[in-house]
Amino acid sequence: MEAISEISNLAISNEAREIADTLILSGAVPKNSEVDALHIGIAAAEGTSYLLTWNFKHINNAETKALISKANENLGYEAPMPCSPEELGGSRQ
């Protein structure tokens, strides 16, 4: 298991901000949820596979997942898969 100190930090890049702005402008994320949009933008810009979240209102629900994915794809990014800790923690046997 990795130590916390070995986990890299992700940057707030211009690309992350552009994705966040697009998510808000497209209506994928509500205007008053800039932090949620930036969270998604950072993950997408950095090319992460998963976005761990308990935010079922603005990020991890069926309706918003589709909107987030489409907005990212329109910018040429692959959207990270939003999932809760329980969903990510499944075991493959």
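Residues numbered from 1 in each chain as written. Predicted model: local features only at pLDDT ≥ 70, side-chain atom pairs only at ≥ 80, totals over all residues. Heavy atoms only, no water.

**Thoughts on helix α2 (residues 34–45)**
Consideration 1: Taking 1.5 Å of rise per residue, 12 residues should cover 16 Å, and α2 covers 16 Å from first to last C-alpha, within 8% of that figure.
Consideration 2: When we look at burial in α2, the residues that qualify are D36, A37, I40, G41, I42, A43 and A44.
Consideration 3: Those residues of α2 hidden inside the fold are in contact with α1 (14–25), β1 (50–52) and α3 (62–74).
Consideration 4: Taken from the residues just after α2, G47 is the one with a positive phi, measuring 75°. (Helix = DSSP H or I, 4+ residues; strand = E, 2+ residues; numbered from the N terminus. Expected span 1.5 Å × (residues − 1). Buried < 20%, exposed > 50% of the residue type's maximum accessible area, 1.4 Å probe, protein only. Contact = heavy atoms within 4.5 Å.)

**Structural notes on a negative patch on the surface**
Consideration 1: On the surface, a cluster of negative charge is made up of E15, E18, D21 and E46.
Consideration 2: Within the secondary structure layout, E18 lies in helix α1. (Patch = residues over 30% accessible without salt bridge, like charges linked within 9 Å, V, L, I, M, F, W, Y side chains within 5 Å. Areas by Shrake-Rupley, 256 points an atom, 1.4 Å probe, with all protein chains shown as cover. Salt bridge = Lys/Arg side-chain N within 4 Å of Asp/Glu carboxyl O. Lys, Arg positive; Asp, Glu negative; His and termini not counted. Charge placed at Lys NZ, Arg CZ, Asp CG, Glu CD.)

**Here's the deal with the packing of α1 against α2**
Consideration 1: Where α1 meets α2, the axes come as close as 7 Å, and the angle between the chain directions of the two elements is 130°. With respect to their mutual orientation, α1 and α2 come out oblique. The two elements α1 and α2 cross, and the hand of that crossing is right-handed. Contact with α1, carried on its side by E15, A16, R17, I19, A20, L23 and I24, involves E34, A37, L38, I40, G41, I42, A44 and A45 of α2 and no other residues of that element.
Consideration 2: Looking at the contact of α1 with α2 residue by residue, the class counts come to 11 nonpolar, one polar and three charged. (Axes fitted to C-alpha atoms, helices over the stretch in contact; angles between N-to-C directions. Parallel < 35°, antiparallel > 145°, perpendicular 65-115°, else oblique. Left-handed = near helix turned anticlockwise from the far one by under 90°. Nonpolar A, V, L, I, M, F, W, Y, C, P; charged D, E, K, R; others polar.)

**Concerning the packing of α1 against α3**
Consideration 1: Put simply, α1 and α3 touch, their axes get as near as 10 Å, and they point 130° apart. The angle between α1 and α3 falls in the class oblique. For the pair α1 and α3, the crossing hand works out as right-handed. Together, I19, T22 and L23 of α1 and I68, A71 and N72 of α3 make up the contact between the two elements.
Consideration 2: For the contact of α1 with α3, a count of residues per class yields four nonpolar, two polar and no charged.

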